[in-house]
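# An overview of the molecular structure
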Amino acid sequence: MSEIEPVKNMISITIDGKEYKAKEGEYILNAARANDIFIPAICYLTRCSPTLACRICLVEADGKQVYSCNAKVKEGMEIVTTTPNILEERRAIMEVYDVNHPLQCGVCDQSGECELQNYTLELAVDSQSYSIPDTKRETKNWSSVLHYDAGLCIVCERCTTVCKDMIGDSAIKTTKRGGSPLDKSLKGSMPKDAYAMWNKLQKSIIAPSNGTEYTNCSDCGECVAVCPVGALVSRDFQYTTNAWDLKRIPATCAHCSSGCQIYYETKPTSISDRREKIYRVTNEWNYVSLCGAGRFGYDFENRDAKKDKEAFRKAIEAFKKAEVINFTSVITNEEALMLQSLKEKFGVKLINREARAFQIFLDFYREYSGKSLYSLDFKEVMASDFVISLGTSLRNDNPNARYAFNNVQKMNKGAGLYFHPVGDNLVPTFGRNILTFTHKVGHEEAVLLLLIELFSNKDDLPKEVKEQLDREKLIELLGGDSKFEASFAKMMKKKEKFSLIVGEDLYFHPKAKNIVKLIAILEKTSSVKVAMIPPKTNSLGVALICDLDDEAKGYTIGYNALGDFRLSALGDGDLDAPAMNQQEGTLTNMHKRVTPTNVALEYNGYTLHDIVKELLGSSTTYTIDWTPKLPVDKGFKSIDFDSLPNGYSNDGTENRGYLLNNITSEAKEIEVDKFDETIALDGDIAYRCNPQRQFSDFTNKAHQIFEEFALYASPKRAESLPKRVVVEFDNGNLELDVKVDERIEGDIVAIPDFKSSKNIYELFGASRYQKVIIREV
């Protein structure tokens, strides 16, 4: 059972004369879908607010005609999905949709999966009752990756709704476009909903929310995913292939720890080159939303790899003399277990900077909470009505955590607190009940003390914590003002489900242990439950499987990382390795779920499994033969790869892989350190943080991901900097171009870590923040 969302009461309803069970308060449309009953709907998105834009979801409920996307079920409700009047209304609406829609299905990118085509056939629209003057509608490129054809747009508002309610950009809106005057004589001859639809189509268009520039867009492409027609399409995909020619490969996104469900859609590259090519990535958009990296960062394969026997021989020799294996978290659980097996056999040290910091943090959490894993997954966060974020730049670190924070505000009438040293002007736009605190670097403990003061039962607190709870002082220290108390009281009204998102800043914090103690106390003494963002793709899996080391010296193997001998899926190492879109195996995502991923593109070189088989004499044939061997004592299950499910039910239940077991133990007694506010950093500060859509060497390789490796600064800070700078750290320098990030506020600059060759973790050491000197080249 969820730790934050109680099981909703199940009620009985009747649909078309048959009794079904439904969740109390659920929309009729969702209740019908959960019971495999079809009701047509073009505008509705499951996890977003209903817009009533299409109006074809008409049903009869207890004798009254209602829109099923906006009417909620009640005990004993009798629902009829089709009556002669409803069918007449639906058909008339579809005729209006069709009357001026361009007849270019043969070349339209949506042809073969077009909902307008499907519903036209479903509702038997085989003739046209109306003749309506059309209006000129121009095509536009919305961004470097998005194309909008207004002539194909049916103004269903899915794109604007998902952009607002899920993504949080609110980059586009429905706006007036002029058009032919309405023929009011048709009003009496048309069903009312069809007339209203005609009125809307004639007068409306989708446009940027801030006027003429699409500056608020984060290029996630979710608008393309939800578009039911061919109005929105990726510029790269446009006119390249027909949908029915593509093969869909179910997989898990390889770029961040969200581990989103995706399909790689492939077909042969050309008539002469029969190797498969990925043409696009799609998703089950009713249940999961992608970021721009997941949707557009797909062509990172090691395409030309071959089996070089001499290079393989050298690899075996290198592994035999290796003292260290340095690797990243862009790795499957099975490969992580192979590396752990090499450590156990040969005593080699395993180095993974981001996963090690997270591993230590999780170990502290297990000690002081008595649980091997954090309390909530991010679907449970989305079910909360008060969400707090600490220690993560939501916009950059993990898009799905950001989507959850935003969705709580939009869908649950929620409230939020956002604490971070780097100001972000996007977060306050998510809702009216959000307070942001731009506190000093090093004051994260003070944030947790304030949260304990605000949410905990004081009678349950240790004495050393109570002594540090000076509410007024903490609010002032963290940058709050005199209006906080009134605002907070308003935010707390009717709130019942509280969640805390924590991220990588805390894992690399010098007081990480004390921070964990405070989190454990907050959870124990309040209704607030915690969700953690693992730093990189499979950091959670690596942290659970591998016995990682803090430091190591000697001859080093680098697996997609620096080393004396390098295995590289980028094709630039001593021995080629497969990229994640060329592998099958499992990943462990931030939802604490082990998910399968499959081979989309062929790979003809050697794999880590080939090396381990040679070194250990393993009898396994494939990498996935290691799947049932994943450590049960760490929460994994002994299940064969081919037995793992990979999909969703109609009611939204996720059936991908399995959930980790959260293993409980006796918690340690907690003694909290006294917070020292003097540890705050001052002066020029650099923050290790990637720009949106960049996560690793593999996103950087993808041709539609163009965010540069540069120093990112707020507009004001950038004015004081030259175009190119040297950033001086205690243990090295970095030369970078300066780029403006319009969303950043304040003087802290961001430096990416997505290029492994730059050795950024060595420069930043055990923290995401460092004092630096910035000077002109």
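Preceding this paragraph is the structure being described.
None of the values given here were measured: they were computed from a predicted structure.

To continue, consider the sheet that holds strand S17 (residues 415-419). What the five strands build is an open sheet, ordered S19-S17-S16-S20-S21; its pairing is parallel. At either end of the open sheet lies a strand with only one pairing partner, and these are strand S19 (434-437) and strand S21 (528-532). Sheet twist, expressed as the mean angle between neighbouring strand axes with direction ignored, is 15°. As paired elements, strand S16 (residues 386-390) and S17 share five bridges and run parallel to each other.

Here we come to the sheet that holds strand S6 (residues 139-141). Pairing is antiparallel across the open sheet formed by three strands, whose spatial order is S6-S7-S10. The two strands at the open ends of the sheet, each matched to only one other strand, are S6 and strand S10 (232-234). Across the sheet, the mean angle from the axis of one strand to that of its neighbour is 20°, orientation sign disregarded. Both S6 and strand S7 (residues 146-149) contribute to a ladder of three bridges, which runs antiparallel. Following the sheet pairing, Thr139 is matched in S7 by Asp149.

The next subject is the packing of helix H10 (residues 353-369) against helix H19 (residues 512-525). Between H10 and H19, the shortest axis-to-axis distance is 9 Å and the interhelical angle comes to 40°. Overall, the two elements H10 and H19 adopt an arrangement that is oblique. Seen along the crossing, H10 lies across H19 with a hand that is right-handed. Taking contact as the criterion, the partners of Phe361, Phe364, Tyr365, Tyr368 and Ser369 in H10 are, on H19, Ala512, Lys513, Ile515, Val516, Lys517, Ile519, Ala520 and Glu523. Here the residues of the contact of H10 with H19 sort into nine nonpolar, one polar and three charged.

A few words now on the pattern of salt bridges. One pass over the structure, following the stated rule, counts 45 salt bridges. Arg303 is the partner of Glu301 in a salt bridge, and the nearest nitrogen-oxygen pair spans 3.7 Å. A salt bridge links Lys379 to Glu654; the shortest N-O distance between them is 2.9 Å. Note that Lys379 is positioned in helix H11 (residues 378-382) and Glu654 in the loop between helix H21 (608-616) and strand S27 (658-659), a separation of 275 residues in sequence. Counted as one network, the salt bridges with shared partners bring together Asp397, Glu504, Asp505, Lys536, Arg688, Asp753 and Arg768.

The residue Ser456 is located in the loop between helix H14 (444-455) and helix H15 (463-466) in this model. Note on Ser456: relative accessible area 7%, which makes it buried. A sequence separation of 66 residues divides Ser456 from Leu522, and the C-alpha atoms of the two residues are 6.4 Å apart. Discounting chain neighbours no more than four positions away, the residues touching Ser456 are Leu451, Leu461, Leu522, Thr525 and Ser526.

With the rule as written, the count across this model stands at 22 aromatic pairs. Aromatic pair Phe386 and Phe488: ring centres 6.2 Å apart, planes at 75°, arrangement edge-to-face. Note that Phe386 is positioned in strand S16 and Phe488 in helix H17 (residues 484-491), a separation of 102 residues in sequence. Both rings, one in Phe729 and one in Phe764, keep their centres 5.1 Å apart while their planes meet at 65°; by these two values the pair is edge-to-face. Placement of Phe729 in strand S30 (residues 724-729) and of Phe764 in helix H24 (residues 760-764) is noted, with a sequence separation of 35 residues between them. Taking relative accessible area as the criterion, Phe729 reaches 7% and is therefore assigned buried. Taking relative accessible area as the criterion, Phe764 reaches 1% and is therefore assigned buried.

Turning our eyes to something else, we now look at the environment of His101. Here His101 is to be found in the loop between helix H2 (84-99) and helix H3 (115-122). Through-space distance from the C-alpha of His101 to that of Arg280 is 26 Å; in sequence the pair is 179 residues apart. Aside from chain neighbours lying at most four places away, what touches His101 is Leu116, Gly151, Leu152, Ile154 and Val229.

The next point concerns the nonpolar core. Burial of nonpolar side chains together is a common tendency in soluble globular proteins. Ranked by internal contacts, the top residues of the largest apolar core, which has 157 residues, are Tyr264, Phe327, Leu417, Phe419, Leu451, Phe455 and Leu500. In terms of residue count, H14 provides more of this core than any other element does, nine residues in total. Shared between two domains, this core takes at least three residues from each, and those domains are domain 2 (372-532) and domain 3 (677-776). In this structure Phe419 touches Ile388, Ser389, Leu390, Gly391, Phe437, His439, Val447, Leu450, Leu451 and Leu478, once residues within four positions along its chain are discounted. Leu152, Cys227, Val229 and Ile705 belong to the second-largest nonpolar core, a separate cluster that totals 50 residues.

So, about the packing of H2 against helix H5 (residues 192-203). Where H2 meets H5, the axes come as close as 8 Å, and the angle between the chain directions of the two elements is 20°. The angle between the axes of H2 and H5 places the two elements in the roughly parallel class. When the axes of H2 and H5 are compared, the crossing they make is right-handed. Only Lys192, Asp193, Ala194, Met197, Trp198 and Leu201 of H5 make contact with H2, whose side of the interface consists of Glu89, Ala92, Ile93, Val96 and Tyr97. Looking at the contact of H2 with H5, its residues break down into eight nonpolar, no polar and three charged.

The next thing to look at is unusual backbone geometry. Non-glycine residue Asp36 carries a positive phi angle of around 60°. Mapped onto the fold, Asp36 is located in the loop between helix H1 (28-34) and strand S3 (58-61). We classify Asp36 as exposed; its relative accessible area is 63%. The backbone of Arg55 sits at a positive phi, close to 70°, despite the residue not being glycine. Position of Arg55 relative to the elements: it lies in the loop between H1 and S3.

Further remarks concern the environment of Tyr20. Within the secondary structure layout, Tyr20 lies in strand S2 (residues 18-23). By relative accessible area, which is 17% here, Tyr20 ends up buried. Placed 10 residues apart in sequence, Tyr20 and Met10 show a C-alpha to C-alpha distance of 9.9 Å. With sequence-adjacent residues up to four places away left out, Tyr20 is seen in contact with Ile11, Ser12, Ile13, Ile15, Asn35 and Ile37.

Conventions we followed
- For every chain, the first residue of the written sequence is number 1, and numbering continues from 1 onward in sequence order.
- Given that the model is predicted, a residue must reach a pLDDT of at least 70 before its local features are reported, and side-chain atom pairs must reach 80 or more before they are shown or counted; all residues, however, enter totals for whole chains, interfaces and linings.
- Computation of side-chain values covers all heavy atoms of the structure but excludes hydrogens and water.
- At least two DSSP bridges between two strands are required for those strands to pair.
- Runs of E in the DSSP output that reach at least two residues are strands. Runs of H or I that reach at least four are helices, and both are numbered from the N terminus.
- Helix axes are fitted only over the stretch in contact, all axes being lines through C-alpha atoms; the angle between N-to-C directions runs from 0 to 180 degrees.
- Between 65 and 115 degrees an angle is taken as roughly perpendicular, under 35 as roughly parallel, over 145 as roughly antiparallel, and anywhere else as oblique.
- Each crossing gets its handedness from the near helix: less than a right angle anticlockwise from the far helix is left-handed, clockwise is right-handed.
- Residues are treated as being in contact if the distance between any of their heavy atoms lies within 4.5 Å.
- Each residue is assigned to one class: nonpolar for Ala, Val, Leu, Ile, Met, Phe, Trp, Tyr, Cys and Pro, charged for Asp, Glu, Lys and Arg, and polar for all the others, Gly among them.
- Throughout this description, the term salt bridge denotes a Lys or Arg side-chain nitrogen within 4 Å of a carboxyl oxygen of Asp or Glu.
- Note on exposure labels: buried denotes an accessible area under 20% of the residue type's maximum, exposed denotes more than 50%, and partly exposed covers the range between, all computed with a 1.4 Å probe on protein chains only.
- Any pair of Phe, Tyr and Trp rings, taking the six-membered ring for Trp, is counted once the centres come within 6.5 Å. Such a pair is stacked with planes under 30 degrees apart, edge-to-face with planes over 60 apart, and tilted for the rest.
- For our purposes a nonpolar core is just a set of buried Ala, Val, Leu, Ile, Met, Phe, Trp, Tyr and Cys residues, chained together by side-chain atoms within 4.5 Å.
- Here the limits of each domain have been adopted from an automatic or database domain assignment.

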